[in-house]
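# Examining the three-dimensional arrangement
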Amino acid sequence: MSSLLSLKNLHITFDTPRGQLAAVRGVDLELLAGESLGVVGESGSGKTVLSRASMGLLTMSTAHRTGTVIFDGQDLSTAPRDTVRSTWGTGMAMIFQDPMTALNPVRRIGSQLTEGLRVRLGMSKKEARGRAIELLKLVRIPDPEKALRKFPNQLSGGMRQRVMISIALACNPKLLFADEPTTALDVTVQAQILQLLSDLRKELNMSMVLVTHDLGVVAGHTDKIAVMYAGEVVEYGETKELFANVRMPYTEALLNSIPRLDQKSSGRMTVIEGRLPDPTKPEPGCAFASRCPYVQDKCRTEHPELQQSENGHQFRCHFPLGVAK
Amino acid sequence: MAGTGKAHLRDASKSVLRVEDLVVEFALSKKTIVKAVSGISLDLIEGETLSVVGESGCGKSTLGKAILQLIPTTSGSVVFGGSDLTKLDKDAVRNLRPKMQMIFQDPISSLDPRFTVKQLVAEPLEIWSRGSSDERAFKVDDLLNSVGIDPTIAGDRKAYEFSGGQCQRISIARSLALEPTLLICDEPVSALDVSIQAQILNLLQDMKERYGLTMMFISHDLSVVKAISTRILVMYLGKVCEIATPDSLYDSPKHHYTHALVGSVPIPDPTKKVNQVLLEGEPPSTVDPPSGCRFRTRCPAATELCATEEPQLREMGGGNFVACHHPRA
Amino acid sequence: MKFKQMGIFSKACVVWLGLVMFFVVFGQFIPLPKPTDFDIEAMGVGLFDSWKHPLGTDSNGYDLLSNAILGARPSMLISLVSVFIGGIIGSTLGIIAAYKRGKLDYIVNTVFNIVLSIPNLVLGLALVAVLATNPDPNIEVPTSRRVFVIVLSLTIVIVPILGRIARGATLSWSNREFVVAARSMGMKDSKIIIKHIVPNVLPAIYAVGFLAIGVVIVVEGSLSLLGVGIVDGVSWGSMIARVRGDLEFAPHSMLVPVTILALTVIACNQLGDVLRSRLDSREGRL
Amino acid sequence: MKSTAPLQRLVQLLLVVVGSTFFVSILIRLLPVGLEDIYVVNPDPVGRAKEISDLGLDLNPFAFYFRWLSGFFRGDFGSYVYPGPTLEPVSEHITRTLPVTLQLIVYVQIVALAFAIPLGLVSAYKVGTRVDRVISNGLFIFSSVPSFVIALLLAFYIGVQLGWVPPLGYAPPFCSAEDIDSATACGFGEHFKLMVLPVVSLSIPLIASYTRLLRTDVIATLREDFVTMAASKGLSNRRILWTHVFRPSSITLFTSAALNMGALVGGALVIETIFSIPGIGFEIALAIGSRQYFALQAYIAIIAFGYVFFNVLVDLTVGLIDPRAKERRK
């Protein structure tokens, strides 16, 4: 399989009143065509910024990006704005956390859905309508003709999320960024939407980046996982390999802090003490050092590089778990 | 689902809180009446933790607030401290408030931004004029220490300078200041990151032991309540589906809704393919709920009977109760 | 907000309002020609043409500088007093109505709407015209009664403006969970209003209060222009009214009061704006 | 629920009309001077009593108001009263002056919106840049200058000193036979020439405040996810700005423009006085000056009706602009 998206040494900083905030610090990632990648992290880990920056959607003057983004053989980091825009919708598309705010409240579903088709693919009004109905069927919305005439606020949360997915898929993108697509939904609806995304990805042979805070969500629905902490990828690998052989203490701690339904309750939960480091004041050593239960002196002074084991499993730790020293 | 009935209630003399047939409805306009809570009965025995679980819109938060008389109830009774709160006048309810406290969902919005941490925690003590000002100051420091906040460093800062997790710690300290017997926690961790969630849940457990609390824990997240509950009550559209101990609820849910709910929780282990039960659609409106069992429109096992007759809660053995005509084996 | 952190424009506004307030308090004690004294020898003196009359005189020989300085007191006092009283009445009504909701809120809101349905200038004009009148139109109404009536009218104008702001802010603050939390701790409603609602609502009222001062200054000016303001006083509005016929002979005599009035309104609006945006950013943080 | 909410609103709005006219009614009965002393000069006690009763002044304030109200709803807007007493229907004055003021206000709104919409969009889109700062700060100062100040300055400098347009007066846009006979100024050319200064003086502060309203809302809308979503479809910025951003941001602008119609009558009052335009504002000032309190009551009723009308209009149209608005009001 060929490489579809490749990020090299990507840095994103924001100007804030408290100084430079390093949201993404040197991320290298590779995504193959047809592959799905889960990006997991807590709030403030930089996962959302990473996905928006990969697409080039961070346009505010306070955001600064360095590094390269290569999509489908094209270097987007140096390309002019219009070239970048020409990949949106047809090359890359994005769905957002809250479908209520991500759908234009004053326009009907139909016009929002056909707009991309008409502007980007040059379809006629009739063609676009036909395709729109097809799309709504694809995301399993009952009675698509009726849905086209509705406003977003007339749909339920799950339906809105389905509409948003259909809009993103309208122009057959090769890559879909899904930014916390189920966080705003109830758990039974979340299960429906995740299943739908998985099915669609296979049906349309599309790549997907699934950004979430929930390790449970990515476990069943992605090929590979990148765990982010304080703006860096701290662990990366094939989903099964990563869950089977956790190398990074942070990933282990995150896993342990999730109460598990499939295990007997122990009464107390394992916690990660402390908080995320201040992103405006980067520390010299490992970003997780202050909270790590296995911390050693070296961790506080020397920044760990990403190391790789033979099966492609990467981790950013001086003293990885399960590896004999 | 969704049934009424009181088969699950225990000896009234032992219960700290006993709610019977509680109904909460409010009018959006003359014709539209939201039936948020429709005849719920529950009881809490000293020292236990009852978790109320359900999806958004099922009425669980309304239930919590209605029990504490923070919103008006339509009918039913709430017996706490020997008296029915729904029959008492405003001042009498007010006098009982120190014994029943609440923790809210949004940790930041539940703290007045103009107050310092110490003022916030001291507030309930001042309302009820507990102790001298020195005693109060001592008590506040003690409370803050016990929730893991250093009063000498943080005490004089305003609440908005803190993260969500720390604000929730402050809220907990404040709710414990009056040493209540009943603590109702309304989604106390849903606004927090996973790693912080666990910290707060453990803290609540510690506080429960230390102060001998009886707790009602409201959550949308089945996995969160698992470790801390004595019993779990599952709600759907203002009615009770099932009441059970955590282990039996997760291992063999009797109600089809509970079964779907348990099956929908994503498990962070790619090797375990869960027997995912995908529910069709989304909950109907609380303005015009389905007849009979309210879950029947989405239930895989629904029959004629479910549309005509509302199932009553009945015992399934082991102290578990379910409101379903066709419970799972 | 600290003076040092302000932008240069806001600083200028603070300085200007400070100067105006200085003249409000001490203007009377500065040895200046009285507003009623006119210099028969210097009619229509231009701007900066004479040391004796730095801002010149109008075509009747009234000294514009002294008029402007002495005019600060009636103009500003009328505005401040009516905004202050109207603000207290309006915010009390607004806060209580919004906190209690239900019927009381409906009534108060309807009353606000009634007053707001009449444009504030028309309302002020009608009130002044009706209340400050004599059976014989040729007998002047005493200035003290006129001032009282003007203040009363402007107060009525202000009540719903600030009342609505207070009502809106209270509605949004009383939805916050800390208010429910206070009730769940057993705090009495009256105490919740005083301890939790009022302090949070006040900043919004201050901000709009500044804007309201601007509104009142303009209405007062317009009333004078229409001939129902303070006639023998020297408010800025009545200066403008007096020199209206003068434009062709001494255009600057209009320019002086008009500029002073506009600068004061600009300064009030700017400070109200600064307060409001600081409020927005603070609430954005919450 | 969809049927009861607007009905309640209508009831409240009718209360506004009744309330405001009742307020004026009570006010004129509370006059420090009795109305009978102003309007009734007949020395003969019998004639005097009859005149007083003809005017309804012998009734208690409630009955007096009710008499007025029932007249008003039957189309009797009351009268100007001259000693004698001679009566002159207010309706004649209204039909003569109201259209003039409406013309003025409509021009002002059109001009204000025509400038404010592009300015607001540009300064919001370029927020924080030099363009934005120039627009925002420049307009801020203008928004604070009272329109009568602008009017006086314009009348003098443009009208008198430069003589580009006549400094005062009014000409109807269409000439009637009478106008031609008496050689009164009339016709489109004259009309617009005379309207320039009043319209400019009233619209400058409005442009400023409308631009600010739109700018704030557009800035907020630009931060919304749905704008990012629209961008991620690959649409051009111009298209996004007009089709996705403008409409959801324009609610406050159009609402306040509609509700401003009443306030503009107040503004028109001064401006019409300054420029001697025979509109309703000028008429109100004259009525107050000549103590025509019955007429005043009718004028206030008309303004209150206008306020209610535009409120209802806003209620009805806001839902068309933004379907969220219906829900939000609850």
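Predicted model, so just to flag it, every value in this text is computed and none were measured.

## Concerning the pattern of salt bridges
Residues and elements named next belong to chain A. For the structure on display, the rule yields 35 salt bridges over all chains. Ionic pairing is found between Glu115 and Arg107, a salt bridge with its closest N-O pair at 3.1 Å. A relative accessible area of 14% means that Arg107 is categorised as buried. One salt bridge connects Arg201 with Asp223, and the closest N-O pair in it is separated by 3.9 Å. With a gap of 22 residues between them, Arg201 in helix 8 (residues 187–204) and Asp223 in the loop between helix 9 (215–219) and strand 9 (224–229) connect regions that are remote in the sequence. Take Arg201: its relative accessible area is 9%, and that puts it in the buried class.

## A few points about empty space enclosed by the protein
All names here are of chain A. Across all of its chains, the model carries eight cavities of 30 Å³ or more by this definition. Put simply, the largest cavity is a space of about 120 Å³. What lines the largest cavity is simply Ala22, Arg25, Ala230, Pro277, Asp278, Pro279, Lys281, Pro282, Glu283, Gly285, Ala287 and His303. Across the lining of the largest cavity, the residue classes break down as six nonpolar, two polar and four charged.

## What about the domain arrangement of chain D?
Reports often express the size of an interface as the amount of accessible area lost when the parts come together. All names here are of chain D. Looking at the assigned domains, one finds that chain D contains domain 1 (4–90) and domain 2 (92–291 + 311–329). Summarising the inter-unit geometry, the C-alpha centres of domain 1 and domain 2 are found 34 Å apart. Each side of the interface is counted separately: domain 1 has ten residues, and domain 2 has nine residues. Taken over both partners, the interface formed by domain 1 and domain 2 buries close to 950 Å², and the fraction arising from carbon and sulfur atoms is 54%. Interface area lost by domain 1 to domain 2 is led by Arg9, Tyr80 and Val90, which between them contribute 46%.

## Looking at the arrangement of the chains
Counting contacts across all five pairs of chains found in contact, the highest total belongs to chains C and D. With respect to C-alpha atoms, chain A approaches chain C no nearer than 13 Å, and the pair has no contact.

## Overview of the environment of Val322 of chain B
Residues and elements named next belong to chain B. Mapped onto the elements, Val322 comes out in strand 12 (residues 321–322). For Val322, a relative accessible area of 0% corresponds to the buried category. Setting aside residues up to four positions removed in sequence, Val322 forms contacts with Cys241, Glu242, Lys254, His255, Gln312, Leu313, Arg314, Met316 and Pro327.

## Some details on the layout of surface pockets
Looking at the second largest pocket, its volume works out to about 1200 Å³. Lining the second largest pocket are 28 residues, with Thr59, Met60 and Ser61 of chain A together with Leu222 and Arg223 of chain D sitting closest to its centre. Of all the secondary-structure elements, those providing two or more residues to the lining of the second largest pocket are helix 1 (47–55) and helix 2 (81–87) of chain A together with helix 5 (90–125), helix 9 (188–222), helix 10 (225–232) and helix 11 (237–249) of chain D. Per-class residue counts for the lining of the second largest pocket are 15 nonpolar, eight polar and five charged.

## Remarks on a nonpolar patch on the surface
Residue and element names in this part refer to chain C. Together, Leu77, Val81, Phe84, Ile85, Ile88, Ile89 and Leu93 give the surface a local cluster of nonpolar side chains, amounting to about 590 Å² of exposed area. With respect to the helices and strands, the residue Phe84 is situated in helix 2 (residues 64–100). Residue Phe84 is classed as exposed on the basis of its relative accessible area of 56%.

## Description of the packing of aromatic side chains
Here the structure, examined in full by the defined rule, presents 26 aromatic pairs over all chains. A centroid spacing of 4.4 Å and a plane angle of 50° characterise the contact between Tyr229 of chain A and Tyr250 of chain A, whose relative ring orientation is tilted. Of the two residues, Tyr229 of chain A is situated in strand 9 and Tyr250 of chain A in helix 11 (residues 249–257); the sequence distance between them amounts to 21 residues. Overall, Tyr229 of chain A belongs to the buried group, its relative accessible area being 1%. Accessibility expressed as a relative area gives 0% for Tyr250 of chain A, which makes it buried. These aromatic residues form a ring-pair network of at least three members: Phe22, Phe62, Tyr65, Trp68, Phe72, Phe73, Phe77 and Phe305 of chain D.

## Describing unusual backbone geometry
The phi dihedral of Asp143 of chain A is positive, around 55°, even though this residue is not glycine. Under the relative-accessibility criterion, Asp143 of chain A is labelled partly exposed at 43%.

## Examining the pairing of strand 8 (residues 207–212) of chain A
Residue and element names in this part refer to chain A. Burial of strand 8 is extensive: six of the six residues sit out of reach of the surface. Of the pairings in the sheet, the one linking strand 3 (residues 36–40) to strand 8 comprises five bridges and is parallel in character. Of the residues in strand 8, the one forming a bridge with Ser36 is Met208. Relative to strand 8, strand 7 (residues 175–179) runs parallel, the two being bridged by five bridges. The partner of Phe177 across the bridge, within strand 8, is Val209. Between strand 7 and its parallel partner strand 8, the chain crosses via helix 8, and the hand of that crossover is right-handed.

Reading the values: rules and limits
Every chain is numbered independently, its residues counted from 1 as its sequence is written. Here every chain gets a letter starting at A, and every ligand a number starting at 1, in the order they are written. Reporting of local features is limited, given that this is a predicted model, to residues whose pLDDT is at least 70; pairs of side-chain atoms are given and counted only at 80 or more, and all residues count toward the totals for whole chains, interfaces and linings. Working from all heavy atoms in the structure, the side-chain values ignore hydrogens and water. We define a salt bridge as a side-chain nitrogen of Lys or Arg found within 4 Å of a carboxyl oxygen belonging to Asp or Glu. Accessibility here uses a 1.4 Å probe with only protein chains present; expressed as a share of the type maximum, an area under 20% marks a residue as buried, one over 50% as exposed, and anything in between as partly exposed. Here a helix means four or more residues in a row that DSSP labels H or I, a strand means two or more in a row labelled E, and each is numbered from the N terminus. Cavity means a closed set of points on a 1 Å grid over the protein atoms alone, one where a 1.4 Å probe fits but cannot get out, pocket means an open set with protein on both sides within 12 Å along at least 5 of 7 lines, and lining means a residue has an atom within 4 Å of a point. Grid points are joined across faces, edges and corners, and a volume is the space filled by probe spheres set on the points. Classification used: nonpolar for Ala, Val, Leu, Ile, Met, Phe, Trp, Tyr, Cys and Pro, charged for Asp, Glu, Lys and Arg, polar for all others including Gly. Domain extents, as shown, originate in an automatic or database domain assignment. Two residues form a contact once any of their heavy atoms are found within 4.5 Å. By buried area we mean how much accessible surface two parts lose on assembly, using a 1.4 Å probe and totalling the loss over both. Note on patches: the residues involved have over 30% relative accessible area and no salt bridge, like charges join within 9 Å, and the nonpolar side chains Val, Leu, Ile, Met, Phe, Trp and Tyr join within 5 Å. In these tables, accessible area is a Shrake-Rupley quantity obtained with a 1.4 Å probe, and a residue counts as shielded only by the protein chains included in the view. Each aromatic pair joins two rings of Phe, Tyr and Trp (for Trp, the six-membered one) with centres within 6.5 Å, and gets the label stacked for planes under 30 degrees apart, edge-to-face for over 60, and tilted for any other angle. By the convention used here, strands pair only if DSSP detects at least 2 bridges between them. Throughout, right-handed denotes a crossover for which the path from the first strand over the helix to the second runs clockwise when the strands point away from the viewer.

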